[in-house]
Amino acid sequence: MKTERLYYQDAYLREFAARVVGRTTLGGQTAVALDRTAFYPTGGGQPADIGVLAVAGDPAAAAAVMDVVADDGVIWHVVDRPLAADNLVGAVDWDRRFDHMQQHTGQHVLSQAFIQTHDAETVAFHLGGVACTIDLNRTDLGPEALAAAEVAANAIIDRALAVTPSFVEPEALAALPLRKPPKVTEGIRIVQVAGFDWSPCGGTHVANTAQIGAIKIAGTERRGAELRVTFLCGRRARVDHARLQRLAEGLVVRFTTAQDDLLNAVDRRAAEMQTLRRDLADLEAQWVESTAAALWLAAPVHGALRVVALAVDYPIERARRVAQTLRARPGAVVCLGVRGERPQLICARADDAPVNAGDLLRIAVTAGGGRGGGRPDWAQGGVPTNEGLALALAAALAALPE
Ligand SMILES: [Zn+2]
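None of these values were measured; they are calculated from a predicted model.

Novice: What am I meant to see in the overall build of the chain here?
Specialist: Check the secondary structure of the chain and you find eight helices and 21 strands. The C-alpha radius of gyration of the chain comes to 38 Å, more than 25% above the 21 Å expected for a compact globule of 402 residues. Over its C-alpha atoms, taken along the principal directions, the chain stretches across nearly 110 × 50 × 40 Å. A buried classification covers 43% of the 402 residues belonging to the chain. In the chain, once contacts between residues fewer than 6 apart in sequence are set aside, the share between residues at least 24 apart is 59%. Working note: accessible area of the chain is about 20700 Å², and carbon and sulfur atoms make up 54% of it. Within the chain, the 46 negative side-chain charges are centred at a point lying 4 Å from the centre of the 41 positive side-chain charges.

What follows is the structure, encoded as structure tokens:
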């Protein structure tokens, strides 16, 4: 036997009475088949309904309907506990179902709008818990084209056109301007949006387009030869509008400007950042020069060499630049320690200084309990502690030729 699908005749039916005609387990869960049901089973891009099945006359003896599956005309209701009685009453989770009706009818309207505005056909539809998508068979639709389709779709909402499903004999199909061919050969159900769209569909729909509420395209993504369009209808569109409004107001407060000036404010901030970065780079270059000059002036002379050896507290990148600047001076030998959680040591020398910076560094960091190495003119290493760094610097000085 087949289950009578009550939602075919009345998508607004929320409660019904039915008789159990079969019991089984599906994926380890109890499932019951009913002679008639208002629960929609997963199919045609639309998810199953959820809700409650209860024993007739004993509402306390109830089970949650967690999934609904159609199998060869029989509709199985997956429930969270067994129901021994044969006469049950069902209640569909209406918020969820009505949301699905808004999204699904919205999809029919949007798909037809894409045909009429851009000759773009829908090749797939997915009704998700958060977002809905259609896949279009052309990818060259930019923001203006999408906006035009959205305007056309919303104009159909404004006209509050009747949405009527009906079963059509196969021989009558040729007279209908179907948006796509039916996937079944008998029991063909056509959902008509009066004078606008005729589509074979077994889904649940609102009674007229005004109940879709709104259709908003939320984004697109190119997928091979298809364009995936994400859209929101009805309550989902309103919830998303509230989210965007919170976002905009948050930016208004942070930028202390009007919503319409936000983009300019972000551009101004980006330009300021660029100027600041340039200024900072200039200042840092000057700072490196003057720091190197001051260290050079204070450095003791060892014969033909002039030795800069000390520990500093600025970041290693700056210490590197100072050491680079110093080693450009004739006779320079540089041992620059950077204090911190992971103390570092740089040893460098001018091209004319007869010192091997790699050897010098190895002697120094070994004395400080650390490790490191490098080239004859530039070497870098680390020691475990700031005390170790002091020992390393002392060892480097002691190792220099008199
Ligand atoms: Zn449909």
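Novice: Where do I start with the packing of aromatic side chains in this structure?
Specialist: Aromatic ring pairs are reported here in terms of the distance separating the ring centres and the angle at which the planes meet. This model, assessed by the stated rule, comprises seven aromatic pairs. Plain terms: the ring middles of Tyr12 and Trp94 are 5.9 Å apart, the flat faces sit at 45° to each other, and that makes the pair tilted. Of the two residues, Tyr12 sits in the loop between helix H1 (6-9) and strand E2 (15-26) while Trp94 sits in helix H2 (residues 94-118), which places them 82 residues apart along the sequence. Taking relative accessible area as the criterion, Trp94 reaches 14% and is therefore assigned buried. Ring geometry for Trp287 and Tyr314: centres 4.8 Å apart, planes at 90°, overall edge-to-face.

Novice: Is there a simple way to think about the pattern of salt bridges in this case?
Specialist: Any two side chains of opposite charge can pair, on the condition that their charged atoms come close. Counted by the stated rule, this structure contains 19 salt bridges. Among the ionic pairs, Arg321 bridges to Glu284, the shortest N-O distance being 3.2 Å. Of the two residues, Arg321 is situated in helix H6 (residues 316-326) and Glu284 in helix H5 (residues 262-298); the sequence distance between them amounts to 37 residues. On the basis of relative accessibility, which here comes to 35%, the residue Arg321 falls in the partly exposed class.

Novice: Could you clarify how one ought to interpret the environment of Val307 in this entry?
Specialist: Take Val307: it is sitting in strand E17 (residues 305-312). Counting along the chain gives 212 residues from Val307 to Asp95, while the straight-line C-alpha distance between them is 80 Å. Ignoring anything within four residues of it in the chain, the contact list for Val307 reads Ala299, Pro300, His302, Val333, Leu397 and Leu400.

Novice: What is the right way to look at the domain arrangement of the chain in this model?
Specialist: Many authors give the size of an interface as the accessible area that is lost as the parts come together. With domains assigned, the chain is organised as domain 1 (4-92), domain 2 (98-251) and domain 3 (287-399). Distance between the C-alpha centres of domain 1 and domain 3: 80 Å.

Novice: Looking at this model, I keep getting lost on the coordination of the zinc ion. Mind explaining?
Specialist: Octahedral metals with six donors have ideal donor angles of 90 or 180 degrees. Tetrahedral metals with four donors have an ideal donor angle of 109.5 degrees. Note on the zinc ion: its protein donors are His104 (NE2), His108 (NE2) and Cys201 (SG). The metal-donor distances range over 2.1 to 2.3 Å. In primary sequence terms, the donor set of the zinc ion follows H-x3-H-x92-C. Of this pair, His104 sits in helix H2 while Cys201 sits in the loop between strand E13 (197-200) and strand E14 (215-223); the two residues are 97 residues apart in sequence, bridging distant segments of the chain.

Novice: In this structure, what is going on with the environment of Glu341? I would like to understand it.
Specialist: Tracing the sequence through the fold places Glu341 in the loop between strand E18 (332-338) and strand E19 (344-349). Using a relative accessible area of 80% as the deciding quantity, one classes Glu341 as exposed. Along the primary structure Glu341 and Pro177 are separated by 164 residues, whereas in three dimensions their C-alpha atoms are 75 Å apart.

Novice: Explain the sheet that holds strand E11 (residues 163-168) to me, please; I cannot follow it from the model alone.
Specialist: What links the strands of a sheet is backbone hydrogen bonding, and the strands pair in either a parallel or an antiparallel sense. Pairing is antiparallel in the open sheet, where three strands are placed in the order E11-E12-E13. Each edge of the sheet is formed by a strand with only one pairing partner; in this case those strands are E11 and E13. Taken pair by pair, the neighbouring strands of this sheet meet at an average axis angle of 25°, ignoring direction. Alignment of E11 against strand E12 (residues 188-193), held across six bridges, turns out to be antiparallel. Looking at the pairing, Val168 lines up with Ile188 of E12.

Novice: How do you make sense of a nonpolar patch on the surface when you look at a structure like this?
Specialist: A cluster of nonpolar side chains, Leu244, Leu247 and Leu251, forms an exposed patch at the surface whose accessible area comes to about 250 Å². Tracing the backbone through its elements, the reader meets Leu244 in helix H4 (residues 234-255). Relative accessible area serves as the criterion here: at 40%, Leu244 is assigned to the partly exposed category.

Novice: Please explain the pairing of strand E9 (residues 122-127) as it appears in this structure.
Specialist: The side chains of a regular strand alternate, residue by residue, between the two faces of the sheet. Here E9 pairs with strand E10 (residues 132-136) via five bridges, running antiparallel. Its bridge partner lying in E10, Leu127 is registered against Cys132. The loop that links E9 with its antiparallel partner E10 comprises four residues.

Novice: Help me understand helix H8 (residues 386-399), please; the structure alone is not making it clear to me.
Specialist: A turn of α-helix holds 3.6 residues, and therefore any two residues three or four places apart point the same way. Over its 14 residues, H8 extends 20 Å from the first C-alpha to the last, a length consistent with the 20 Å expected when each residue adds 1.5 Å. Gly388, Leu389, Ala392, Leu393, Ala395 and Ala396 are the residues of H8 that are buried. For H8, the angular spread of the buried residues around the axis is 165°, confining them to a single face. H8 presents Glu387, Leu391 and Ala398 as exposed residues on the side facing more than 90 degrees away from its buried surface. Elements that come into contact with the buried residues of H8 comprise E17, E18, E19 and helix H7 (357-367).

Reading the values: rules and limits
- Residues numbered from 1 in each chain as written.
- Predicted model: local features only at pLDDT ≥ 70, side-chain atom pairs only at ≥ 80, totals over all residues.
- Heavy atoms only, no water.
- Helix = DSSP H or I, 4+ residues; strand = E, 2+ residues; numbered from the N terminus.
- Rg over C-alpha atoms; globule rule 2.2 N^0.38 Å.
- Buried < 20%, exposed > 50% of the residue type's maximum accessible area, 1.4 Å probe, protein only.
- Contact = heavy atoms within 4.5 Å.
- Areas by Shrake-Rupley, 256 points an atom, 1.4 Å probe, with all protein chains shown as cover.
- Lys, Arg positive; Asp, Glu negative; His and termini not counted.
- Charge placed at Lys NZ, Arg CZ, Asp CG, Glu CD.
- Phe/Tyr/Trp six-rings, centres within 6.5 Å; stacked < 30°, edge-to-face > 60°.
- Salt bridge = Lys/Arg side-chain N within 4 Å of Asp/Glu carboxyl O.
- Domains from an automatic or database assignment.
- Donors = N, O, S within 2.8 Å, 3.2 Å for Na, K, Ca; no water.
- Pairing = 2+ DSSP bridges.
- Axes fitted to C-alpha atoms, helices over the stretch in contact; angles between N-to-C directions.
- Patch = residues over 30% accessible without salt bridge, like charges linked within 9 Å, V, L, I, M, F, W, Y side chains within 5 Å.
- Expected span 1.5 Å × (residues − 1).
- Arc of directions from axis to C-beta.

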